[in-house]
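Here is how the chains run, residue by residue.
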Amino acid sequence: MNVDTLAVYPGSFDPLTNGHVDIISRGSRVFDRIIVAILLNVEKAPLFTVAERVEIAREVFAKYPNVEFDTFDGLLVEYARRRQAGVIVRGLRAISDFEYEMQMALMNRHLNPEVETVFMMPAVPYTYVSSRLVKEVVALGGSVTTLVPSLVEDRLREKKLGRETLKA
Ligand SMILES: Nc1ncnc2c1ncn2[C@@H]1O[C@H](COP(=O)(O)OP(=O)(O)OP(=O)(O)O)[C@@H](O)[C@H]1O
Ligand SMILES: [Mg+2]
């Protein structure tokens, strides 16, 4: 039987970093198709709207025919079932990600044993990159060139982040 392997890569992507880009491009080589699924309403005050995040990701991955973008709400395993995806992709940066990710993977397996979670490691230069830190660095006037796609860097600049945004 030759069934396409469809994977879902869920996250908030607020904003997309080169760590996410690395995992998505690795996933696109391993799986037939990968859906980048942007979680709705995770944070009360996201920096980028979901529509902006989808638009940015679409533009960055314009040349990847097997990478799709979507939004979801509620249980991830239900979303995976609805999309008929057999795999959940997650990125592992460091030991610090491990405990939470293992709990999530086992809980998702409990909820739906048919969906398998697959972890991927990013290239070493991205192991310390997170959306939260990127926003913090930009708000304090630091450079995130090489840590995010240049389109994201431009969009971050347009947001005119300052110290006061960090309180949110
Ligand atoms: N630099 C990175 N390298 C590898 N995986 C990553 C990286 N950043 C995030 N991920 C993974 O991508 C998925 C989605 O993460 P998420 O949207 O929470 O990004 P984040 O950078 O951790 O954002 P935040 O700082 O807001 O938590 C998770 O599996 C996370 O472990
Ligand atoms: Mg995170």
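These numbers come from a predicted model, not from an experiment.

Caption draft 1: Fine view of the pattern of salt bridges. All told, the structure shown has 15 salt bridges when counted by the stated rule. Close ionic contact of Glu-52 with Lys-159 constitutes a salt bridge, the shortest N to O distance being 3.1 Å. Remark: Lys-159 occurs in the segment after helix H6 (150-158) and Glu-52 occurs in helix H2 (residues 50-60); sequence separation between them is 107 residues. Relative accessible area serves as the criterion here: at 29%, Lys-159 is assigned to the partly exposed category. Note that Arg-90 and Glu-101 form a salt bridge whose closest N and O atoms lie 2.8 Å from each other. Taken together, the residues Arg-90 in strand S4 (residues 87-91) and Glu-101 in helix H4 (residues 95-111) connect sequence positions 11 residues apart. The exposure class assigned to Glu-101 is buried, which follows from its relative accessible area of 6%. Each of Arg-33, Glu-68, Asp-70 and Arg-83 takes part in one network of salt bridges that share partners.

Caption draft 2: Examining H2 more closely. Those residues of H2 that fall on the buried side of the exposure criterion are Val-50, Arg-53, Val-54, Ile-56 and Ala-57. The buried residues of H2 all sit within an arc of 165° when viewed along its axis, so they share a single face. Packing partners of the buried residues in H2 comprise strand S2 (33-39), strand S3 (67-72) and H6.

Caption draft 3: Broad picture of the sheet that holds strand S1 (residues 6-11). The sheet built from 5 strands is open, its strands ordered S3-S2-S1-S4-S5 with parallel pairing. Here the strands that pair on one side only, and so sit at the sheet edges, are S3 and strand S5 (116-120). Sheet twist, expressed as the mean angle between neighbouring strand axes with direction ignored, is 30°. Of the pairings in the sheet, the one linking S1 to S4 comprises 2 bridges and is parallel in character. Among the inter-strand pairings, Ala-7 is bridged to a residue of S4, identified as Val-87. This element, H4, spans S4 and S5 of the sheet and lies at about 170° to S4.

Caption draft 4: Quick look at the side chain of Asp-97. Its place among the elements puts Asp-97 in helix H4. Of the residues examined, Asp-97 reaches a relative accessible area of 12% and is grouped as buried. Contact partners of Asp-97, with chain neighbours within four places excluded, come to Gly-91 and Leu-92.

Caption draft 5: Focus on the site of ligand 1. Around ligand 1 lies a shell of 19 residues, among which Tyr-9, Ser-12, Gly-91, Tyr-126 and Ser-131 are the nearest. Between Tyr-126 and ligand 1, the recorded distance is 2.8 Å, taken from a backbone N or O atom to a nitrogen atom. Among the elements of the structure, S1, helix H1 (18-30), S4, H4 and helix H5 (131-139) are those that each provide at least two residues to the shell around ligand 1. Across the shell around ligand 1, the residue classes tally to 7 nonpolar, 7 polar and 5 charged.

So, how was this worked out
Numbering of residues starts from 1 in every chain and runs along the sequence as written. Chain labels run from A onward and ligand labels from 1 onward, assigned in the order the entries are written. Totals for whole chains, interfaces and linings use every residue, but because this is a predicted model, local features are given only for residues with pLDDT of at least 70 and side-chain atom pairs only at 80 or more, for both listing and counting. Side-chain descriptors were evaluated using all non-hydrogen atoms of the structure, hydrogens and water having been removed beforehand. For this analysis, a salt bridge means a side-chain nitrogen from Lys or Arg found within 4 Å of a carboxyl oxygen belonging to Asp or Glu. Each helix is a run of DSSP H or I of at least 4 residues and each strand a run of E of at least 2, with the numbering of both proceeding from the N terminus. Throughout, exposure labels follow a simple rule: accessible area from a 1.4 Å probe, protein chains only, divided by the maximum for the residue type, with under 20% read as buried, over 50% as exposed, and the rest as partly exposed. Working note: the arc is built from the helix axis to C-beta atom directions. Throughout, a contact is declared for two residues whenever any of their heavy atoms are within 4.5 Å. Being paired, for any two strands, means DSSP has found at least two bridges between them. For helices, the axis comes from a line fit to the C-alpha atoms of the stretch in contact; other axes are also lines fit to C-alpha atoms, and the angle between any two N-to-C directions lies between 0 and 180 degrees. When we say a residue is near a molecule or strand, we mean one of its heavy atoms is within 4 Å of it. Residues adjacent in sequence count toward polar contacts only when both atoms are side-chain atoms; beyond that, a polar contact is any pair of N or O atoms within 3.5 Å, and within protein one must be able to donate a hydrogen and the other to accept it. Under the grouping applied here, Gly and all other residues not named as nonpolar or charged are polar, the nonpolar ones being Ala, Val, Leu, Ile, Met, Phe, Trp, Tyr, Cys and Pro and the charged ones Asp, Glu, Lys and Arg.

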